[in-house]
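Results of the structural survey
Chain residues, written in single-letter form:
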Amino acid sequence: GAGVSQSPSNKVTEKGKDVELRCDPISGHTALYWYRQSLGQGLEFLIYFQGNSAPDKSGLPSDRFSAERTGGSVSTLTIQRTQQEDSAVYLCASSQQGSLGSQHFGDGTRLSIL
Amino acid sequence: EDQVTQSPEALRLQEGESSSLNCSYTVSGLRGLFWYRQDPGKGPEFLFTLYSAGEEKEKERLKATLTKKESFLHITAPKPEDSATYLCAVRRIPNSGGSNYKLTFGKGTLLTVNP
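Calculation rules
- Residues numbered from 1 in each chain as written.
- Chains lettered and ligands numbered in written order.
- Predicted model: local features only at pLDDT ≥ 70, side-chain atom pairs only at ≥ 80, totals over all residues.
- Heavy atoms only, no water.
- Helix = DSSP H or I, 4+ residues; strand = E, 2+ residues; numbered from the N terminus.
- Rg over C-alpha atoms; globule rule 2.2 N^0.38 Å.
- Buried < 20%, exposed > 50% of the residue type's maximum accessible area, 1.4 Å probe, protein only.
- Contact = heavy atoms within 4.5 Å.
- Areas by Shrake-Rupley, 256 points an atom, 1.4 Å probe, with all protein chains shown as cover.
- Lys, Arg positive; Asp, Glu negative; His and termini not counted.
- Charge placed at Lys NZ, Arg CZ, Asp CG, Glu CD.
- Pairing = 2+ DSSP bridges.
- Axes fitted to C-alpha atoms, helices over the stretch in contact; angles between N-to-C directions.
- 1 Å grid on protein atoms, 1.4 Å probe; cavity = no way out; pocket = protein on both sides within 12 Å on 5 of 7 lines; lining within 4 Å.
- Points joined across faces, edges and corners; volume = space filled by probe spheres on them.
- Nonpolar A, V, L, I, M, F, W, Y, C, P; charged D, E, K, R; others polar.

A few words now on the overall build of chain A. Along its length, chain A carries zero helices and eleven strands. What you see in chain A, going N to C, is helices and strands ordered as β-β-β-β-β-β-β-β-β-β-β. Its C-alpha radius of gyration of 13 Å places chain A within 12% of the 13 Å reference for a compact globule of 114 residues. Dimensions of chain A, computed from the C-alpha atoms along their principal axes, are close to 35 × 25 × 25 Å. When burial is assessed residue by residue, chain A has 47% of its 114 residues classed as buried. For chain A, the proportion of contacts with a sequence separation of at least 24, taken over those separated by at least 6, is 54%. Roughly 5,300 Å² of accessible area belongs to chain A as shown, and the carbon and sulfur atoms make up 43% of that amount. When the 10 basic and 11 acidic side-chain charges of chain A are each reduced to a single mean position, those positions are 2 Å apart.

What follows is the structure in structure tokens.
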């Protein structure tokens, strides 16, 4: 497809379980970003990839959160031992250039922790 | 720390009633100010990037302007399909300290246009 694709669109899991969220960026976009949007809050930056490396992980809230990117394309965000406060919409964005291009977002994964 | 404040939090307009949304920002060095539109259950959709004070961008019924402290999104003769949450975000310049890759977002303005 032409846009950023995220899967699953919805995920419900029990507290303490691990989850993996997937992002497939726009073809040719070298920069990839993960954000989190909680109810009543603005979008919160999590991590930035340029190619397969992550020069900025400053937004990851704890060591339970990790992300990787392979082949300069698909990225996965992993949350270990999920907590109820992890419930949010996780959004992925991509752009053509690391610090200049406008970021284009997917529709997100809505994560609910029971 | 970069800060973005949007006002009002919510705005109701009648179809055809023009108005403006405000985005006030604090950033050590502005690389760009971004406007997005977000519909329920969807990701933000890019609208505009503004880079320097005095710059203006237009798209259909929307016009974005920028000063050194704030940006306005003017909506002229809105239609019900303009109903959405409008988000403002800033990115800082490189070597200004802190992350210059991320966007710092405001909480948005929920716009409802009634027919």
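Moving on, we come to the sheet that holds strand β8 (residues 70–75) of chain B. All names here are of chain B. With antiparallel pairing, five strands are arranged side by side in an open sheet as β1-β3-β8-β7-β6. Sheet topology places β1 (3–7) and β6 (56–59) at the edges, where each strand pairs with a single neighbour. Direction aside, neighbouring strands of the sheet carry axes that sit 15° apart on average.

Before going further, it helps to examine the sheet that holds strand β1 (residues 5–7) of chain A. Residue and element names in this part refer to chain A. Strand order in the open sheet formed by four strands is β1-β3-β8-β7, with antiparallel pairing between adjacent strands. Pairing within the sheet leaves two strands with one partner each, and these edge strands are β1 and β7 (65–69). Here the average twist between neighbouring strands, direction ignored, is 15°. Two strands pair when backbone bridges link them, and β7 and strand β8 (residues 75–79) are joined in this way by five bridges, in the antiparallel orientation.

In this section: the layout of surface pockets. In this model, the largest pocket occupies a volume close to 760 Å³. Taken together, 34 residues line the largest pocket, and the ones lying closest to its centre are Gln-37, Val-89 and Arg-110 of chain A together with Gln-38 and Gly-41 of chain B. In terms of residues, the lining of the largest pocket owes the most to one element, strand β11 (residues 109–113) of chain A, which gives four residues. For the lining of the largest pocket, the class distribution of residues is eleven nonpolar, 17 polar and six charged. Of the pockets and cavities examined, the second largest pocket occupies roughly 150 Å³. Along its surface, the second largest pocket is lined by Arg-37, Glu-45, Leu-47, Lys-59, Glu-60, Arg-61, Leu-62, Asp-82 and Tyr-86 of chain B.

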